[in-house]
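Spelled out from the first residue to the last, the chains are:
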Amino acid sequence: MAQIKDYPQQTTLNNTDEFILQETSGGVNKKVLFSTIKDQIDTDTNTQRLVNYILNGDCKVAQETTSTAAAANGAYIIDNCRYNKVGTMVHTVSQEVDSDGNYSVKLDCTTADGSIAAGDNCTARFLVEGFDYAYLKGKTCTLSFDIKSDNKTGTFCTAFKNNGSDRSYIHEHEITTNDFETKTVEVALDQTGGTENYTNDVGLQILFTLAAGSTFQSTAGSWQSGNYFATSSQDNFCDNTSNNIEIKNVSLTIGSSANFDRDLVIKESFQETLAKCQRYWQSSYNYGVTPGTVTDVGRIDVKLPGATGALRGLWANFQTVMVDTPTVTWYSPNSGTADRVYNITDTADLTVSSEVYTSDKSTGFPNVSVSQTDGDSICGHYVADARF
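Computed from a predicted structure; not experimentally measured. Every chain is numbered independently, its residues counted from 1 as its sequence is written. For a predicted model such as this one, the threshold for reporting local features is a pLDDT of at least 70, and the threshold for listing and counting side-chain atom pairs is 80 or more; totals across whole chains, interfaces and linings nevertheless cover every residue. Remark: hydrogens and water are excluded; side-chain values derive from all non-hydrogen atoms of the structure.

**Overview of the overall build of the protein**
- Where helices and strands are cited, they refer to DSSP runs of H or I of at least four residues and of E of at least two residues respectively, numbered from the N terminus. Counting its secondary structure elements, the protein contains three helices and 24 strands.
- Partly exposed residues are those whose accessible area sits between 20% and 50% of the maximum for their type, while under 20% is buried and over 50% is exposed, using a 1.4 Å probe and protein chains only. In the protein, buried positions account for 48% of the 388 residues.
- For accessible areas, the Shrake-Rupley method is used with a probe of radius 1.4 Å. Any residue's cover is judged against the shown protein chains and nothing else. As presented, the protein carries roughly 16,900 Å² of accessible surface, and 45% of it is formed by carbon and sulfur atoms.

**Some points on the pairing of strand β9 (residues 121-129)**
- Counting buried positions over the nine residues of β9 gives nine, a clear majority of the element.
- With nine bridges connecting them, β9 and strand β14 (residues 202-212) associate as antiparallel partners. Residue pairing across strands places Asn121 opposite Ala212, the latter belonging to β14. Paired strands, as defined in this entry, are two strands with at least two bridges between them according to DSSP.

**Concerning a nonpolar patch on the surface**
- Patch construction takes residues with relative accessible area above 30% that form no salt bridge. Like charges are linked within 9 Å, and nonpolar side chains (Val, Leu, Ile, Met, Phe, Trp, Tyr) are linked within 5 Å. A side-chain nitrogen of Lys or Arg and a carboxyl oxygen of Asp or Glu constitute a salt bridge if their distance falls within 4 Å. Taken together, Trp315, Val356 and Tyr357 make up a surface patch of nonpolar side chains, about 260 Å² in accessible area.
- Tracing the sequence through the fold places Val356 in strand β22 (residues 348-358).
- Taking the relative accessible area as the measure of exposure, Val356 reaches 35% and is therefore partly exposed.

**Some points on the environment of Thr123**
- By the element assignment, Thr123 lies in strand β9.
- For Thr123, a relative accessible area of 0% corresponds to the buried category.
- Along the primary structure Thr123 and Cys157 are separated by 34 residues, whereas in three dimensions their C-alpha atoms are 9.9 Å apart.
- Throughout, a contact is declared for two residues whenever any of their heavy atoms are within 4.5 Å. Other than its neighbours up to four places away in sequence, Thr123 contacts Arg82, Tyr83, Asn84, Leu207, Phe208, Thr209 and Phe229.
- Under the rule applied, a polar contact is a pair of N or O atoms within 3.5 Å (in protein, one hydrogen donor and one hydrogen acceptor; residues adjacent in sequence only if both atoms are side-chain atoms). Here the side chain of Thr123 touches Arg125 through a polar contact of 3.1 Å, side chain to side chain.

**Some details on the nonpolar core**
- Among the nonpolar cores identified, the biggest contains 43 residues, and Ile77, Leu143, Phe160, Ile206 and Leu252 are the most heavily contacted of them.
- It is β14 that provides the largest number of residues to this core, a total of five residues.
- Leave out the neighbours within four places in its chain, and Leu252 touches Val51, Asn52, Tyr53, Ile54, Leu136, Cys141, Thr142, Leu143, Phe160, Leu204 and Ile206.
- The term nonpolar core refers to a set of buried residues drawn from Ala, Val, Leu, Ile, Met, Phe, Trp, Tyr and Cys, joined through side-chain atoms within 4.5 Å. The next biggest cluster of nonpolar side chains, apart from the first, holds 24 residues, and it includes Leu314, Val328, Tyr382 and Ala386.

**Some remarks on the packing of aromatic side chains**
- To pair, rings of Phe, Tyr and Trp, with the six-membered ring standing in for Trp, must have centres within 6.5 Å; the planes then decide the type, stacked if under 30 degrees apart, edge-to-face if over 60, and tilted in the middle. Counted under the stated rule, the structure contains 16 aromatic pairs.
- Taking the centre distance of 5.6 Å and the plane angle of 80° together, the rings of Phe156 and Phe237 count as edge-to-face. One end of the pair, Phe156, is in strand β11 (residues 154-162); the other, Phe237, is in the loop between β15 (223-225) and β16 (244-254), and 81 residues separate them in sequence. In this structure, Phe156 and Phe237 share a single accessibility class: buried.
- Plain terms: the ring middles of Phe318 and Tyr382 are 5.9 Å apart, the flat faces sit at 45° to each other, and that makes the pair tilted. Taken together, the residues Phe318 in the loop between β19 (315-317) and β20 (327-331) and Tyr382 in strand β24 (residues 377-385) connect sequence positions 64 residues apart.
- By relative accessible area, which is 4% here, Tyr382 ends up buried.
- An aromatic cluster is defined as three or more aromatic residues linked by ring pairs; in this entry it consists of Phe126, Phe145 and Phe208.
- Between Lys139 and the ring centre of Tyr135, over which it is positioned, the NZ or CZ distance is 4.3 Å. By the criterion adopted, a ring carries a charge over it if an Arg CZ or a Lys NZ lies within 6 Å of its centre and within 35 degrees of its normal.

**Brief notes about the confidence of the model for the protein**
- Averaged over every residue, the pLDDT of the protein is 90; the share at 70 or more is 87%.
- pLDDT expresses, on a scale from 0 to 100, how confident the predictor is about each individual residue. Residue range residues 1-11 is modelled with pLDDT below 50. Its contacts to residues more than four positions away, or to other chains, number 39 contacts.
- Note on residues 42-46: pLDDT is under 50 here. Beyond four places in sequence and across chains, it has eight contacts.

**Observations regarding the pattern of salt bridges**
- Evaluation of the coordinates by the stated rule reveals 13 salt bridges.
- For the salt bridge of Lys276 with Glu268, the shortest nitrogen-to-oxygen distance reads 2.3 Å.
- A relative accessible area of 42% means that Lys276 is categorised as partly exposed.
- Put simply, Arg387 and Asp385 hold a salt bridge, and the shortest N to O gap is 3.0 Å.

**Considerations on unusual backbone geometry**
- Backbone geometry at Cys59 places phi at a positive 65°, although glycine is not the residue there.
- In this model, Asn249 sits at a positive phi of 50°, which is unusual for a non-glycine residue.
- In this structure, Asn249 sits in strand β16.

**Notes on the pairing of strand β23 (residues 362-368)**
- Counting buried residues along β23, seven of its seven residues qualify, which places the element largely inside the surrounding structure.
- In terms of strand pairing, β19 meets β23 through three bridges, oriented antiparallel. Paired with Asn317 across the bridge in β23 is Ser362.
- The loop that links β22 with its antiparallel partner β23 comprises three residues.

**What about the sheet that holds β9?**
- Read across the open sheet, the seven strands follow the order β5-β6-β9-β14-β11-β12-β15; overall the sheet is antiparallel. Across the chains shown, the open sheet's two edge strands, defined by having one partner strand only, are β5 (76-78) and β15. Recorded for the sheet is a direction-independent mean angle of 30° between the axes of neighbouring strands. The convention used is that axes are lines fitted to C-alpha atoms, helices contributing only their stretch in contact, and that angles between N-to-C directions extend from 0 to 180 degrees.

**Regarding the sheet that holds strand β7 (residues 90-97)**
- With antiparallel pairing, the six strands of this open sheet are ordered in space as β4-β7-β8-β16-β10-β13. If you trace the sheet from one side to the other, it starts and ends with β4 (67-68) and β13 (181-188), each paired once.
- Of the strand pairs in this sheet, strand β8 (residues 103-111) and β16 are connected by four bridges, and their pairing is antiparallel. The partner of Asp108 across the bridge, within β16, is Asn244.

Okay, here's the thing in structure tokens:
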């Protein structure tokens, strides 16, 4: 049996369009004409399936943790969804799943901020890498998502920002119930000027605004020069501890909102999305195990020749090539302490100051200041973080 591997990026398919078929048994890829396979395609022959350019938009991958209390500014709720805030508001951020297996991100307000100062703000944001954004630039796209507010109704803004946060596009939505509501935004990514990135950095930021002071407010419906992600009509969804927000089914697809059909958005398997997320963050821990957990499962071991400095042989090849050279943090499997590895022979943690070698493909030889005895067994966990 063969599966479609690639197809033309257009809304109407012609008999002369070419497809790549890949044998599921691992055979050679074949190039075929649309006219020879059109009766086997599982959708209307005049309808293009829609690629979602937001990684993990269905919120199902959470490698690092599924819940963070009192989340700090810059904390990741799940893979590729970041929490940012300035102000006295406090949230527990988490991954949620309903009885049907649908995942969402939740921002549970645990400390309210009833007075938003000019420079205060609170957002959740998904990011699009520059390589993907380069294909979107200049095109009309549709953002679609579901949002629920447990308590508060009112005006809620989404925004698009470029790499340098010096070009912004704001859209207003009305939340009218306390159940999930589907929202769509059509935006032409045709902004000019500003700091753009079309390689391995942030290309496009997509923000969901819970609160924003006047510094970050501007006009909706057109590209603005500056760092804006709300209008003056934005309500404060951080003013009560009952104001819990959930977001799910986030997609960014090419095409107008009038032609958007969620059923045509391509659904990735969990494994496909996980592998893509590991381009930005990965660890030696089992999936879903929070770094710093005391566990031997997945640890890296080596028996060393005596050495002062780098622990020769303690090495990890990454599960995929990362977006850039990551920041690597080692953890003691014995204590869970960061910037440590564990000497099994001496039953002692060793402080790690740096790694001798780290690239986008591997890391190793962590530096320690205490000389180790020839033959000592050393172990450690690592986290490699190249997120934006």
